[in-house]
Amino acid sequence: MRGKLSIPAALLLVLAIGTPAKAQSFSLTGGKIVPPGHNALRVEVGYPGIRAAYHVRVSDKFELAPRFNFYYGYDTNAPYVGNGLGVELKFNLVTKGSFDLSLIFEPEFFLNYHPGFGVLFRVGGPGVLFTYAVQEKFNLVGGMKIPFGFLIHPNFAASIPILFVLGFEFNVGPSMNLYLNTQMGPDILAASGGSTVRFSPNVYMGFGMLL
């Protein structure tokens with residue numbers, strides 16, 4: 001009859017205007033900012049520790065993520081046991097199509113308990129991270145970080161890691177992803193007695209959740 005929609009036409013109309021838009025693919029460990037209207041939780045485990053961060057979207061170009069860290073190693077030395085408390089500061093520089101590039105700083109205080117008590121402060125930057133959306137649900141992550149810091153107690157020393165970042169994130173649902181992230185490179189240690197260079201391996205796997 002005229003004036004009535006057929007069942008297929010009605011279904012197409014519902015799909016076109018009556019269903020919510022799909023959530024965009026998101027990334028927490030690369031150059032992307034948390035999507036509008038969301039914060040996020042990230043939990044990861046690997047070497048040299050276990051970390052959790054809460055991502056807060058401040059603006060279209062800036063997010064911060066308070067982070068708690070329990071570590072059981074430093075560079076290739078284990079066991080070094082302690083806690084870290086810091087924040088990740090991410091400033092988006094470029095968003096173009098599937099590509100995002102951000103500047104990142106990760107200032108953090110560390111308390112080392114074993115093999116001796118120590119206090120460290122890491123400036124945590126500068127660094128650059130990118131995210132490239134290879135497919136709708138798959139993001140490639142990369143970049144470079146120079147998270148230099150200082151041992152304050154019991155002796156003074158400086159640490160200058162130069163870390164190359166490579167990883168991926170895979171969205172397993174509209175609000176959850178799984179990821180693997182590696183950050184590796186030389187760590188230059190300088191103290192009053194001289195300097196040395198060690199290898200710094202950092203490998204984490206974890207999950208992120210939009211809130």
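Please refer to the structure placed before this passage.
Presented here is an overview of the structure given in this document. (Residues numbered from 1 in each chain as written. Predicted model: local features only at pLDDT ≥ 70, side-chain atom pairs only at ≥ 80, totals over all residues. Heavy atoms only, no water.)

Points about the pairing of strand 12 (residues 163-173)
Item 1. Pairing of strand 9 (residues 138-145) with strand 12 involves eight bridges; the strand directions are antiparallel. Note on strand 12: the bridge partner recorded for Lys145 is Leu163.
Item 2. Looking at chain direction, strand 12 and strand 13 (residues 176-191) are connected through nine bridges and run antiparallel. Among the inter-strand pairings, Gly167 is bridged to a residue of strand 13, identified as Asn181.
Item 3. Counting the residues that bridge the hairpin from strand 12 to strand 13 gives two residues. (Pairing = 2+ DSSP bridges. Helix = DSSP H or I, 4+ residues; strand = E, 2+ residues; numbered from the N terminus.)

As for the pattern of salt bridges
Item 1. One pass over the structure, following the stated rule, counts nine salt bridges.
Item 2. Residue Arg67 pairs with Glu88 through a salt bridge whose shortest N-O separation is 2.9 Å. Here Arg67, found in strand 3 (residues 62-71), pairs with Glu88, found in strand 4 (residues 81-96); they are 21 residues apart in sequence, far enough to count as distant. Neither residue differs from the other here; Arg67 and Glu88 are each classed as buried.
Item 3. Note that Glu106 and Arg67 form a salt bridge whose closest N and O atoms lie 3.0 Å from each other. In this pair, Glu106 sits in the loop between strand 5 (99-105) and strand 6 (108-114) while Arg67 sits in strand 3, placing the two residues 39 residues apart along the sequence.
Item 4. Under the relative-accessibility criterion, Arg67 is labelled buried at 4%.
Item 5. It is possible to trace a salt-bridge network through shared partners that takes in Arg42, Glu44, Arg51, Arg67, Glu88, Glu106, Glu108 and Lys145. (Salt bridge = Lys/Arg side-chain N within 4 Å of Asp/Glu carboxyl O. Buried < 20%, exposed > 50% of the residue type's maximum accessible area, 1.4 Å probe, protein only.)

Describing empty space enclosed by the protein
Item 1. Tallied over the entire structure, the rule returns one cavity of 30 Å³ or more.
Item 2. Considering only enclosed or pocket space, the largest cavity measures out at about 130 Å³ in volume.
Item 3. Looking at the lining of the largest cavity, the elements that each hand over two or more residues are strand 1 (40-47), strand 4 and strand 13.
Item 4. In terms of residue class, the lining of the largest cavity is built from five nonpolar, three polar and eight charged. (1 Å grid on protein atoms, 1.4 Å probe; cavity = no way out; pocket = protein on both sides within 12 Å on 5 of 7 lines; lining within 4 Å. Points joined across faces, edges and corners; volume = space filled by probe spheres on them. Nonpolar A, V, L, I, M, F, W, Y, C, P; charged D, E, K, R; others polar.)

Some remarks on the nonpolar core
Item 1. Residues Phe26, Leu28, Val34, Ala40 and Leu210 constitute the largest nonpolar core, which totals five residues.
Item 2. In contact with Leu28, other than residues within four places in its own chain, are Val34, Ala40, Leu41, Arg42, His55, Lys90, Glu169, Gly208 and Met209. (Core = buried A, V, L, I, M, F, W, Y, C linked by side-chain atoms within 4.5 Å. Contact = heavy atoms within 4.5 Å.)

Quick word on the layout of surface pockets
Item 1. One number sums up the size of the largest pocket: a volume of about 880 Å³.
Item 2. Where the lining of the largest pocket is concerned, the elements lending two or more residues are strand 3, strand 6, strand 7 (118-122), strand 10 (149-153), strand 11 (157-161), strand 13 and strand 14 (194-210).
Item 3. Of the residues forming the lining of the largest pocket, the biggest block, seven residues, is contributed by strand 14.
Item 4. Classifying every residue of the lining of the largest pocket by side-chain character gives 22 nonpolar, 13 polar and eight charged.

So, the side chain of Asp75
Item 1. You can see Asp75 is positioned in the loop between strand 3 and strand 4.
Item 2. For Asp75, the side chain forms a polar contact with the side chain of Ser200, separated by 3.3 Å. (Polar contact = N/O pair within 3.5 Å; in protein donor to acceptor, adjacent residues only side chain to side chain.)

Let's talk about the side chain of Glu63
Item 1. Residue position: Glu63 is located in strand 3.
Item 2. A distance of 2.7 Å separates polar atoms of two side chains, one belonging to Glu63 and the other to His55.
Item 3. Beyond its immediate stretch of four places on either side in the chain, Glu63 contacts Lys32, Ile33, Val34, His55, Val56, Arg57, Val58, Glu88, Leu89 and Lys90.

Quick look at the environment of Thr182
Item 1. Relative to the helices and strands, Thr182 is located in strand 13.
Item 2. If sequence neighbours within four positions are ignored, Thr182 has contacts with Phe164, Val165, Leu166, Asn202 and Val203.
Item 3. A polar side-chain atom of Thr182 sits 2.8 Å from the main-chain carbonyl oxygen of Leu166.

Re a nonpolar patch on the surface
Item 1. The grouping of Val45, Ile50, Phe68, Phe70, Leu85, Phe168, Phe170, Val172, Leu178, Leu180 and Met205 at the surface amounts to a nonpolar patch, some 970 Å² of accessible area in total.
Item 2. Elements with a contribution of two residues or more to the nonpolar patch: strand 3, strand 12 and strand 13.
Item 3. Considering the arrangement of structural elements, one finds Phe170 in strand 12. (Patch = residues over 30% accessible without salt bridge, like charges linked within 9 Å, V, L, I, M, F, W, Y side chains within 5 Å. Areas by Shrake-Rupley, 256 points an atom, 1.4 Å probe, with all protein chains shown as cover.)

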